[in-house]
Amino acid sequence: MAPAPAEYREVVPKQNTFSSWRGRLAQRAVHGAWAWVQRTGSVTAERPGRFRFGSLGTGTRLAFPLGTVFGEPWIHLGAHCIVGEQVTLTAGLMPDLDLGPDPILRIGDGVVLGRGSHVIADTTVTIGSDCYFGPYVYVTSTNHSYDDPHQPIGKQWPRMEPVEIGSGCWIGTGAVILPGARIGRNVVVAAGAVVRGEVPDHAVVAGAPAKVVRRWTPADGWQPPLRTPAPVPIPDGVTPEQLVALSDLDDATVARLAELDESENENENGAEGQVEEGAGTRARSLGPAAPGGGVPATRLAALDSDG
């Protein structure tokens, strides 16, 4: 007679404890071995492996496993770059070509290339410093041609145009940057956008083909206006313990803290001659940090007394 099926939330006894233990051990061993392979297989300036890049800056790391990489003598990577897994970097149409004395693919300092991205530089591609690429971005200086209607498109000689991406750009997941694209500084390219032609500085582009949907200028600021306020950076000197303590505060306490700050700011700005005294009052009201770097005890005491 077959055993009755287990009821919902009923603990089912393990059938083979030894096999389960062996499985967990094997899983830990596989994960540990793969982590070791990833660390050992990554490419850096100190450990370039078989690759001979024209330049590989300090602190730059290409994660393992790499994608297709060839023409590396004509590939120059700046310092402190992060190149994700399965990223393809190529210079020239095929391996073992002599591409001349100048670099073909230039990547600036602090660039991040997301997993599975491709940068295909059959002619010059330049990526400025501090650019961030999401996963699976495709940048190419080569495109197919179809001038001859009687020949297969794949057999026709491709078109090539240089690509330039200015510093400080954000390139969203799955974006495609086509030959001849000239992207300015601090440009946001939306996920899935297909970019060709020129994009001005401080613009946001989206769509296929990509169009400017928002732009900043010194005269008008962001147009259309941003819909959300700018994020406030964490002030210098704030410790992780203080951030944890702040995250535990409820909304009412946060609102009362904000009211105290506003009232202190008003007092400090009331008279120019009292700025120094107001700053001292603020420092005294904040008091010393709580043990372990939490919210100042005097501040919390002030909240209790106000209530």
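Remember, predicted model here, so these are calculated numbers, not experimental data.

One open sheet accounts for six strands, arranged 4-7-10-13-18-21; its pairing is parallel. Since the sheet does not close on itself, it has two edges, and those belong to strand 4 (69-70) and strand 21 (194-195), each with one partner. Pairing of strand 7 (residues 88-91) with strand 10 (residues 118-121), which is carried by four bridges, proceeds in the parallel orientation. The residue of strand 10 that forms the bridge with T88 is H118.

Right, let's talk about the side chain of T140 for a bit. Tracing the sequence through the fold places T140 in strand 13 (residues 138-140). Polar contacts involving the side chain of T140 include one to the main-chain carbonyl oxygen of T142, which spans 2.9 Å. The residues touching T140, leaving out its near neighbours within four places in the chain, are I120, V163, I177, L178 and P179.

Before going further, it helps to spend a moment on the sheet that holds strand 16 (residues 163-165). Ordered in space as 2-5-8-11-16-19-22, the seven strands form an open sheet in which the pairing is parallel. Looking at the sheet topology across the chains shown, the edges are occupied by strand 2 (55-56) and strand 22 (198-199). With two bridges connecting them, strand 2 and strand 5 (residues 75-77) associate as parallel partners. Counterpart to S55 in the pairing with strand 5 is H76.

Calculation rules
Residues numbered from 1 in each chain as written. Predicted model: local features only at pLDDT ≥ 70, side-chain atom pairs only at ≥ 80, totals over all residues. Heavy atoms only, no water. Pairing = 2+ DSSP bridges. Helix = DSSP H or I, 4+ residues; strand = E, 2+ residues; numbered from the N terminus. Polar contact = N/O pair within 3.5 Å; in protein donor to acceptor, adjacent residues only side chain to side chain. Contact = heavy atoms within 4.5 Å.

Nothing here speaks to function; it is all geometry.
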